[in-house]
Amino acid sequence: MYPLTIGSSRICSALILGFSIGLPGFSFAIVQHYLFLILMIGALHLLLSAPLALLACISRGYLVPIGFAFTTLMLALVFGPTAIGAYLHWSVPALHLQESGVSLFPLLGTSYLLVFLIGLLGLIGTVKWLQNREQ
């Protein structure tokens, strides 16, 4: 709760400062656009963290999910700028951020569907794993 309070107070103070100084091109529409973009990318990353929770449950540790995260991060960095990156679920949030500019390989609906399915499978797998294991 503390990081959320600190983060929101910093954002509010930056917005107040931006409006009071009168920065050129600073408007409520721009703030709303980038806030929605940040929330959307955060939601995509939240969906992608569900399989890591399942790996942590299965391996009963934290090294396997960290290794998996680093491996998929490297794959996303290598294959993200290519046409295959739209179908690699770990590169979709970065490509979504790039969609606000000019992108060579635009994201399709299947890209977001893959992220949603991966997140849903990770969530269902984690819940089923925790229900069937003796705690």
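Description of the structure in this document. (Residues numbered from 1 in each chain as written. Predicted model: local features only at pLDDT ≥ 70, side-chain atom pairs only at ≥ 80, totals over all residues. Heavy atoms only, no water.)

## Observations regarding the overall build of the chain
Here's step 1: When you go through the chain residue by residue, the secondary structure sums to six helices and zero strands.
Here's step 2: Ordered by position from the N terminus, the helices and strands of the chain form the series α-α-α-α-α-α.
Here's step 3: Classification of the 135 residues of the chain by burial places 21% in the buried group.
Here's step 4: Taking the intrachain contacts of the chain between residues at least 6 apart in sequence as the baseline, contacts between residues at least 24 apart amount to 49%.
Here's step 5: For the chain, the exposed surface amounts to about 9600 Å²; the carbon and sulfur share of it is 77%. (Helix = DSSP H or I, 4+ residues; strand = E, 2+ residues; numbered from the N terminus. Buried < 20%, exposed > 50% of the residue type's maximum accessible area, 1.4 Å probe, protein only. Contact = heavy atoms within 4.5 Å. Areas by Shrake-Rupley, 256 points an atom, 1.4 Å probe, with all protein chains shown as cover.)

## Re the packing of aromatic side chains
Here's step 1: Tallied over the full model, the rule gives one aromatic pair.
Here's step 2: With centroids separated by 6.5 Å and ring planes inclined at 75°, the aromatic side chains of Phe-68 and Trp-90 adopt a geometry described as edge-to-face. On the criterion of sequence distance, the pair formed by Phe-68 in helix 4 (residues 63-79) and Trp-90 in the loop between helix 4 and helix 5 (92-98) is long-range, its members being 22 residues apart.
Here's step 3: What makes Trp-90 buried here is its relative accessible area of 17%. (Phe/Tyr/Trp six-rings, centres within 6.5 Å; stacked < 30°, edge-to-face > 60°.)

## Regarding the layout of surface pockets
Over the atoms rolls a probe the size of a water molecule, and its path tells where empty space is left.
Here's step 1: Here the largest pocket defines a volume of roughly 220 Å³.
Here's step 2: Lining the largest pocket are 13 residues; nearest its centre among them are Ala-76, Leu-77, Trp-90, Ser-91 and Ala-94.
Here's step 3: For the lining of the largest pocket, the secondary structure elements donating two or more residues are helix 2 (28-48), helix 4 and helix 5.
Here's step 4: Top element by residues in the lining of the largest pocket is helix 5. It accounts for four residues.
Here's step 5: Partitioned by chemical class, the residues of the lining of the largest pocket number nine nonpolar, four polar and no charged.
Here's step 6: What lines the second largest pocket is Ile-11, Leu-15, Phe-28, Val-31, Gln-32, Tyr-34, Leu-35 and Ile-38.
Here's step 7: Those elements that provide at least two residues to the lining of the second largest pocket are helix 1 (2-21) and helix 2.
Here's step 8: Per element, the largest residue contribution to the lining of the second largest pocket is six residues, and it comes from helix 2. (1 Å grid on protein atoms, 1.4 Å probe; cavity = no way out; pocket = protein on both sides within 12 Å on 5 of 7 lines; lining within 4 Å. Points joined across faces, edges and corners; volume = space filled by probe spheres on them. Nonpolar A, V, L, I, M, F, W, Y, C, P; charged D, E, K, R; others polar.)

## Description of the nonpolar core
Here's step 1: Counting ten residues, the largest nonpolar core consists of Leu-44, Leu-48, Leu-52, Ala-76, Ala-86, Trp-90, Val-92, Leu-95, Leu-107 and Val-115.
Here's step 2: Among the elements of the structure, helix 2 and helix 5 are those that each provide at least two residues to this core. (Core = buried A, V, L, I, M, F, W, Y, C linked by side-chain atoms within 4.5 Å.)

## Some remarks on helix 2
Here's step 1: When the terminal C-alpha atoms of helix 2 are compared, their 30 Å separation across 21 residues agrees well with the 30 Å that a helix rising 1.5 Å per residue should span.
Here's step 2: Residues of helix 2 that are buried: Val-31, Leu-37, Ile-41, Leu-44 and Leu-48. Buried residues of helix 2 fall within an arc of 160° about the axis and therefore sit on the same side. Seen from the buried face of helix 2, the exposed residues on the opposite side, beyond 90 degrees, are Phe-28, Ala-29, Phe-36, Leu-39 and Leu-46. (Expected span 1.5 Å × (residues − 1). Arc of directions from axis to C-beta.)

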